[in-house]
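Structural characterization, general
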Amino acid sequence: MSFLLVFLETIFTAMALAFMLMTGYELTSGLKTSRSKNEKPAVTPAESSEGAPRKPAPVPDSDLPEAAVLIPVCNEVAAVKRLISAAVRLDYPRDRLEVLVLDDSRAENAAVIREFTLQQAESFPFLRYLSRGNREGFKAGNIAYGISSSRGSLIAIFDADAVPAADFLKVTVPYFVRDARERDSGKQSRRPLGFLQTSIVFGNEGENFITRFLGLEVSHKNSMTESQRSHDEYASLTGSSCVWLRECISSAGGLSAQTLTEDVDLCYRAQLLGWRYEYVTETETREELPNTVAAMRVQRHRWALGLIGNAFLYFKKVLASDFSVKKKLAALTVMSQSFILSSFYLLLLGSLPMAFCAREQGWYFQVLCVTLLMVTVIWAVNSMGGSAGKKAPEAESSGRAAPENTSPDSQSPDTADPVPDTDPQDTPQIRRGFLEYFGYVLLYFPLSLYYFIALLENLVGIRGSFVPTPKSGSSFIKRPRIGLFLLTLEYFSLIYSLITLTVSIITGSGWTAFYASLTAMGFSLSLTLPLFLRSRAASEADKASKG
């Protein structure tokens, strides 16, 4: 027993130290961001440093470069109609814009998307429909095909459920124009700009408990990204609502299908090569969050599989880079977050043997448990207490795409812009109480399971296949195999938690009993929440039909 106790205490110690490092990094980054927003700028816009990029001046239409908008789609029939309608309305010179619909859908869905695209192209000749005829390389291969088929020096990429504001290109492209002018003049003191990410808001964030949880989590990530950009730190950016310089993509070797998060993979490679990125908040793109536990399982497992794979690929490269020691530590912290989240589940697996060792646990284990618990609480409060997500205007609050039988005529180019012109500052904040926040924290335990499984898959060399996230207006397999597998493991985890709780009570191990009770509540929540959401949806539908 003594050997087992030492082994488990060693694991617990490593987890506590890693968690303290990540929590300290996030708290420090958050404080820096708050301080920079509250303090008066020390430099004028013309003198702004690399860590605090100034907003570029508007660029005349005659000086704007060619831009390509890529829309990779895979069976998101109704959602992509909305995106196409928004993309063709982007405020940009028509002779310098091309919009490419890159369709990897099944035959029956591809026919609908192709017909809609061709009808829209009659009014917008810069809109094109492309299909590879295969899904080699999944989404990465589809985007790479689109890049090779486009001509613009700038590449904007949107997920199928996105709806960019009309000013998206007019806001983002000037950043690249200014950078190119600085490079051409030989006066550039900063690293060249290779790509940028813009703000994303979610039209369905207020729909239910799942969307509110995911929205708040994404809001925290966005605030971290803004801090990382402000202080020239390594960042992990998403692959939607972004703009890339073609030269940057080429120099980094193009899109790769070596991981399932091709966007993060490319941004890591670009940063290691010395390209700079920006996080732009002057324009927003509306997207949609998964609104069911089943969709969340599929999405987060795929993300975990890709993020952990990327971390394994780039740990050594970051250490061997010419980054400063501070920047290397920040980069390693960013890439380690998936491992730390998966450690929650490892802690659960270790709790049962620790409960059997209760009588041998000394003061060190007690101090270790208190430390780990306090750091975890601080991290959870910081993650859940970030910028609250904003609710979309009432007309867009569902965040759902148009029904699949919507005809092109109903989305005629002559109709109003599909993106409401609203001031984000005027939108109401989503109200959350203590119990809901506590529920958000509990949901991290099922997430830790998805990340733990992804870690094991990476360790044994299982790459996995790309499973798109089921969202409104999508036509996918309703129950992907990976979703069923994770669901089964959630039932196992609930039973394991209850067994651990029982043994802990019998042996008098208070800390393992406390942790097992939390994990049991977390997995109970993920397993029962779908029933509650379906019941609530049915009740609201019944009221609507009677009202």
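Parameters at a glance
Residues numbered from 1 in each chain as written. Predicted model: local features only at pLDDT ≥ 70, side-chain atom pairs only at ≥ 80, totals over all residues. Heavy atoms only, no water. Helix = DSSP H or I, 4+ residues; strand = E, 2+ residues; numbered from the N terminus. Buried < 20%, exposed > 50% of the residue type's maximum accessible area, 1.4 Å probe, protein only. Patch = residues over 30% accessible without salt bridge, like charges linked within 9 Å, V, L, I, M, F, W, Y side chains within 5 Å. Areas by Shrake-Rupley, 256 points an atom, 1.4 Å probe, with all protein chains shown as cover. Salt bridge = Lys/Arg side-chain N within 4 Å of Asp/Glu carboxyl O. Expected span 1.5 Å × (residues − 1). pLDDT = per-residue confidence, 0-100. Contact = heavy atoms within 4.5 Å. Phe/Tyr/Trp six-rings, centres within 6.5 Å; stacked < 30°, edge-to-face > 60°. Lys NZ or Arg CZ within 6 Å of the ring centre and 35° of its normal.

**Quick notes on the environment of Gln228**
Looking at the secondary structure, you find Gln228 in helix α6 (residues 209-230). The class of Gln228 is buried, set by a relative accessible area of 5%. Here the alpha-carbon distance between Gln228 and Ala331, two residues 103 residues apart in the chain, equals 9.9 Å.

**Considerations on a nonpolar patch on the surface**
Where nonpolar side chains cluster on the molecular surface, the patch consists of Phe312, Leu456, Leu459, Val460 and Ile462 and spans about 480 Å² of accessible area. With respect to the helices and strands, Leu459 occurs in helix α12 (residues 434-459).

**Notes on α12**
With 26 residues, α12 extends 38 Å from end C-alpha to end C-alpha; this agrees with the ideal 38 Å at 1.5 Å per step. Of the residues trailing α12, Gly461 is marked for its positive phi of about 85°.

**Re the confidence of the model for the protein**
A residue-level look at the protein finds 81% of positions with pLDDT of 70 or above and a mean pLDDT of 81. Mean pLDDT values for the elements of the protein range from 68 in helix α1 (residues 2-38) up to 97 in strand β4 (residues 154-157). Residue range residues 40-52 is modelled with pLDDT below 50. Its contacts to residues more than four positions away, or to other chains, number 15 contacts.

**A look at the packing of aromatic side chains**
Each aromatic ring pair is described using two quantities: the centre-to-centre distance and the angle formed by the ring planes. With the rule as written, the count across this model stands at 18 aromatic pairs. Ring geometry for Phe213 against Tyr440: centres 5.9 Å apart, planes inclined by 40°, an arrangement best described as tilted. Taken together, the residues Phe213 in helix α6 and Tyr440 in helix α12 connect sequence positions 227 residues apart. What makes Tyr440 buried here is its relative accessible area of 0%. By the ring-pair criterion, three or more aromatic residues cluster together here, those being Phe209, Phe213, Tyr437, Tyr440 and Tyr444. For Lys327, the ring lying beneath its charged end belongs to Phe323, and the centroid distance is 4.6 Å.

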